[in-house]
Amino acid sequence: MLQIVTPTSLSSLSNPIANTMEHLSLLDNHIPGNTTLITAVELERFVNLRSLALDFCDFTAEMARVLADSNHVPLHRLSLLIHNISIMHKSLENMPEDENWKALTRNSTNLRVYIMAFNVKSDDMLRILKPSIPLERIHFDSYITCVSGAVVDLISRQYDKFLTHFILMNDVIDMSGFPDLSDNRNEDPLVLLAWRCTRLSLLAVHGYTVWAHNLIAIARLRGSDLKVLEVTEESIDFDQGELADQDVDPVHNLIEQVSLGLGRPWHAVMDIELFSVFTEPTRHFYREMQSFSEGI
């Protein structure tokens, strides 16, 4: 059972209790603001932490150095919520650099990271995603800005040995249609993700154009190892060649080919409310963070 501690109760914890805690979640239940919930100095007392969850803007280079110290047991799970409002009120200037991540993973060789980015600009994500982060799960959720193909490409190149979960949610209202990550690119970033990230077991997409032939390619590349492939029906598009073939029903062909690739029956998600990750983003982060950290 995770021990959820508030900033108010944190300071009142005795050193013996702080020294024995293995799981610590410090996240504001309200919209992130300019309040820092924990400092590196306060974190020094928690020498037995195995999992930690907090606002990314609170996770500083100094905090990474504290966790990398040999006085601390190896950290196994780190869950980070990146919110555009936190970035506005706080800053990315003190975030860990790549050398901080390298030092942390030297002390915590089994560390895995889960990131949820809510309404975060692609330029900020390109700054945040350092090469040495052992990123296992990432979830983008937005109704203001869209993830760029460059971010997806970076993730597939840097985290190919770790990534298992990739979730892409977009509720931006755009009359011109959903953004196309493969626009002006020779290769679709999601196909490259499936090709490079050989441990990928969950891929969920809503609100981005997923071309039918690319969806088939993803299913064939990952096969039965891709335990969850969820794409909303409205996100799927067909090229003119597929639509022009009068002898083949493109929807039926898509279902058949993806099912063959995965080795099991497959259908697009017809209703967004049936989407496994369809929930209020912060609530989903809490739920996912707990399942991510349990059993270590």
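Here the structure is shown first, and the text comes after it.
### Some remarks on the pairing of strand E6 (residues 165-170)
Stage number 1. The element E6 is extensively covered by neighbouring structure, given that 6 of its 6 residues are classed as buried.
Stage number 2. Residue alternation in E6 divides its side chains into two sets, His165, Ile167 and Met169 and Phe166, Leu168 and Asn170, and both sets are buried.
Stage number 3. Once the chain exits strand E5 (residues 135-142) it traverses helix H8 (residues 149-158) before rejoining the sheet at E6, and the crossover so formed is right-handed.
Stage number 4. As paired elements, E6 and strand E7 (residues 202-206) share 5 bridges and run parallel to each other. Looking at the pairing, Ile167 lines up with Ala204 of E7.

### Some points on the sheet that holds strand E9 (residues 228-231)
Stage number 1. Strand order across the open sheet formed by 8 strands is E1-E2-E3-E4-E5-E6-E7-E9, with parallel pairing between neighbours. Of all the strands in the sheet, just strand E1 (23-26) and E9 have a single pairing partner and so form its edges. Going across the sheet, the axis of each strand differs from the next one's by a mean of 5 degrees, ignoring polarity.
Stage number 2. Across 7 bridges, strand E3 (residues 77-83) lies against strand E4 (residues 112-118) in parallel orientation. Opposite Leu78, over in E4, you have Val113 as the bridge partner.

### Concerning H8
Stage number 1. For H8, the buried fraction is high: 7 of the 10 residues fall into the buried class.
Stage number 2. Turning to H8, its buried residues number three or more, namely Gly149, Val151, Val152, Asp153, Leu154, Ile155 and Ser156.
Stage number 3. Considering only its buried residues, H8 is in contact with helix H7 (122-128), E5, E6 and helix H9 (189-196).

### Considerations on the pattern of salt bridges
Note on pairing: side chains with opposite charge can pair once their charged atoms come close.
Stage number 1. Inspection of the entire model under this criterion finds 10 salt bridges.
Stage number 2. A salt bridge links Arg137 to Glu288, with the nearest nitrogen and oxygen atoms 2.6 Å apart. Here Arg137 is found in strand E5, whereas its partner Glu288 is found in helix H13 (residues 281-293), with 151 residues between them in sequence.
Stage number 3. Judged by its relative accessible area of 13%, Arg137 falls in the buried class.
Stage number 4. For Asp153, the salt bridge goes to Arg157, with nearest N and O atoms at 2.9 Å. You can see Asp153 and its partner Arg157 sitting in helix H8, 4 residues apart, about one turn around the helix.
Stage number 5. Assessed through its relative accessible area of 44%, Arg157 is described here as partly exposed.
Stage number 6. Salt bridges here are not isolated pairs; linked through shared partners, they connect Glu136, Arg137 and Glu288.

### Brief notes about the packing of H8 against H9
Packed helix pairs are characterised by how far apart their axes lie and by the angle those axes make with each other.
Stage number 1. Following both chains from N to C, one finds H8 and H9 inclined at 5 degrees, their axes separated by 9 Å at the closest point. Taken together, the axes of H8 and H9 lie roughly parallel to each other. For the pair H8 and H9, the contacting residues are Gly149, Val152, Asp153, Ile155, Ser156 and Arg157 in the first and Pro189, Leu190, Leu192, Leu193 and Arg196 in the second.
Stage number 2. Its residues assigned to classes, the contact of H8 with H9 shows 6 nonpolar, 2 polar and 3 charged.

### Some thoughts on the packing of aromatic side chains
Stage number 1. Considering all chains together, one arrives at 5 aromatic pairs under this definition.
Stage number 2. A ring pair is formed by Phe59 and Trp101, whose centres lie 5.5 Å apart and whose planes are at 50 degrees; its orientation type is tilted. Taken together, the residues Phe59 in the loop between strand E2 (51-55) and helix H4 (61-68) and Trp101 in helix H6 (residues 98-107) connect sequence positions 42 residues apart.
Stage number 3. Above the plane of the ring of Phe292 lies Arg77, whose end atom (NZ or CZ) is 5.1 Å from the centre.

### Notes on the packing of helix H10 (residues 212-222) against helix H12 (residues 250-262)
Stage number 1. Taken N-terminus to C-terminus, the directions of H10 and H12 make an angle of 15 degrees; their axes are 7 Å apart at the nearest point. Viewed along their axes, H10 and H12 adopt a mutual orientation that is roughly parallel. The handedness of the crossing between H10 and H12 comes out as left-handed. Residue-level inspection shows Ala212, Leu215, Ile216, Ala219 and Arg220 of H10 in contact with H12, the latter providing Asn253, Leu254, Gln257, Val258, Gly261 and Leu262.

### Points about unusual backbone geometry
Stage number 1. Even without being a glycine, Asn119 presents a positive backbone phi close to 60 degrees.
Stage number 2. Within the fold, Asn119 resides in the loop between E4 and H7.

### What about the environment of Asn19?
Stage number 1. Structurally, Asn19 can be placed in helix H2 (residues 15-20).
Stage number 2. On the accessibility criterion, Asn19 (28% relative accessible area) is partly exposed.
Stage number 3. When residues no more than four places from it in sequence are discounted, the contact partners of Asn19 are Arg45, Val47 and Asn48.
Stage number 4. There is a polar contact of 2.6 Å between the side chain of Asn19 and the backbone oxygen of Arg45.

### So, H9
Structurally, the α-helix is built with 3.6 residues per turn, so residues lying three or four positions apart point the same way.
Stage number 1. Where burial is concerned, most of H9 is hidden: 6 out of the 8 residues are buried.
Stage number 2. In this structure, the buried side of H9 is in contact with H8, E6, E7, strand E8 (210-211) and H10.
Stage number 3. Among the residues of H9, the N-terminal cap falls to Asp188, whose side-chain oxygen and the backbone nitrogen of Leu190 are separated by 2.9 Å.

About the criteria used
Residues numbered from 1 in each chain as written. Predicted model: local features only at pLDDT ≥ 70, side-chain atom pairs only at ≥ 80, totals over all residues. Heavy atoms only, no water. Buried < 20%, exposed > 50% of the residue type's maximum accessible area, 1.4 Å probe, protein only. Helix = DSSP H or I, 4+ residues; strand = E, 2+ residues; numbered from the N terminus. Right-handed = clockwise from strand over helix to strand, strands pointing away. Pairing = 2+ DSSP bridges. Axes fitted to C-alpha atoms, helices over the stretch in contact; angles between N-to-C directions. Contact = heavy atoms within 4.5 Å. Salt bridge = Lys/Arg side-chain N within 4 Å of Asp/Glu carboxyl O. Parallel < 35°, antiparallel > 145°, perpendicular 65-115°, else oblique. Nonpolar A, V, L, I, M, F, W, Y, C, P; charged D, E, K, R; others polar. Phe/Tyr/Trp six-rings, centres within 6.5 Å; stacked < 30°, edge-to-face > 60°. Lys NZ or Arg CZ within 6 Å of the ring centre and 35° of its normal. Left-handed = near helix turned anticlockwise from the far one by under 90°. Polar contact = N/O pair within 3.5 Å; in protein donor to acceptor, adjacent residues only side chain to side chain.

Limitation: the analysis is restricted to geometry and does not speak to function.
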